[in-house]
Amino acid sequence: LLGAGTGYQQAKRVLHTAVPDRLHSREKEMGIIRQFLREHICGRRPGSLYISGAPGTGKTACLSRILLDCKDELAGSKTIVLNCMALSSPTGVFPAVAQELGLPGATGRDAVRRLEKRLTAQGPMVLLVLDELDQLESKGQDVLYTLFEWPRLPSSRLVLVGLANALDLTDRGLARLSACATGSPRLLHFPPYTREQLSAILTDRLGQVAGDPVLDAAALQFCARKVSAVSGDARKALDVCRRAVEVLEMEVWNQTLLKPLPGGE
């Protein structure tokens, strides 16, 4: 039982949604992001990239993996990563970025002016990653427009990467930028995972657990088929399998507790 219990613990650990060492079926997208960062950060060219895709399609995981893998290449630049869900309002992004750049106490229009001055002065390239970017939608879309305008300022040293669920955020909120070919952010879409891709992800994760398979192949295929039909959300597939392991673990534990003692007592 000890061995089985250890196997269940290992299975639950590998099924967590932390950033894995390798991401299945996202080689193309990761290649595009890496190339973008090399061209703009290492090449000292300001620019912007907008990454869209439904929840659980690997946007944040891929970017986080790349930032870890490219740490040496990005060492000469300043990297700021903000989750916009943590901001109290869309305009809160400006003082948050100001603080990261050593401009504490800046608020309102003052923060925007001071940031623009800092981002167009001499210095290292600045990589600003804004996750959950759709939280910054506001009346008139002034916040989003201001952020995506910054890489276009003369002498700008900002590279902006935004991640959001909505495919049409740039159409809705940045129509003014789209009118200028040089100002439009580069777009990268993460499609939902297919049944085959989800199956490969689950098989790979559970393949890291020593011993007999904790969940059989048919169960993984069933989970992949159901999740792909609804959402293609890898996090959901991992959650379902982790819950299945927890149920299985509890059943085995209960059977052991209820097993009759020797002698029929």
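To keep things clear, this report deals only with the structure shown in the data block. Everything numeric in this text was worked out from a predicted model, so none of it was measured. (Residues numbered from 1 in each chain as written. Predicted model: local features only at pLDDT ≥ 70, side-chain atom pairs only at ≥ 80, totals over all residues. Heavy atoms only, no water.)

**Remarks on the overall build of the protein**
Along the backbone of the protein there are 11 helices and five strands. Across the 265 residues that make up the protein, the buried fraction comes to 43%. For the protein, the exposed surface amounts to about 14000 Å²; the carbon and sulfur share of it is 54%. (Helix = DSSP H or I, 4+ residues; strand = E, 2+ residues; numbered from the N terminus. Buried < 20%, exposed > 50% of the residue type's maximum accessible area, 1.4 Å probe, protein only. Areas by Shrake-Rupley, 256 points an atom, 1.4 Å probe, with all protein chains shown as cover.)

**Some thoughts on the packing of helix H9 (residues 195-206) against helix H10 (residues 217-230)**
Helix packing geometry: the angle between the two helix axes and the distance between the axes. Following both chains from N to C, one finds H9 and H10 inclined at 140°, their axes separated by 8 Å at the closest point. One element, H9, and the other, H10, form an angle in the oblique class. Seen from above, H9 lies across H10 with right-handed handedness. The residues of H10 that touch H9, namely those facing Arg 195, Leu 198, Ser 199, Leu 202, Thr 203 and Leu 206, are Leu 220, Gln 221, Cys 223, Ala 224, Arg 225, Val 227 and Ser 228. In the contact of H9 with H10, the residues fall into seven nonpolar, four polar and two charged. (Axes fitted to C-alpha atoms, helices over the stretch in contact; angles between N-to-C directions. Parallel < 35°, antiparallel > 145°, perpendicular 65-115°, else oblique. Left-handed = near helix turned anticlockwise from the far one by under 90°. Contact = heavy atoms within 4.5 Å. Nonpolar A, V, L, I, M, F, W, Y, C, P; charged D, E, K, R; others polar.)

**Comments concerning helix H4 (residues 93-100)**
Along an α-helix, a turn takes 3.6 residues, which lines up residues three or four apart on a common side. When we look at burial in H4, the residues that qualify are Val 93, Phe 94, Ala 96, Val 97 and Ala 98. Against the buried residues of H4 lie strand E2 (78-83), helix H5 (108-119), strand E3 (126-131) and helix H6 (142-149). Once H4 ends, the next one or two residues include Gly 102, with phi positive near 80°.

**Looking at the nonpolar core**
Counting residues in each nonpolar core, the largest one holds 32 residues, and the members touching the most others are Val 93, Phe 94, Leu 130, Leu 133, Leu 136 and Leu 147. When residues of this core are traced back to their parent elements, those giving at least two are E2, H4, H5, E3, H6 and strand E4 (158-164). With five residues, the single largest contributor to this core is H4. When neighbours within four sequence positions are excluded, Phe 94 is seen to be in contact with Ala 111, Val 112, Leu 115, Val 143, Thr 146, Leu 147 and Trp 150. (Core = buried A, V, L, I, M, F, W, Y, C linked by side-chain atoms within 4.5 Å.)

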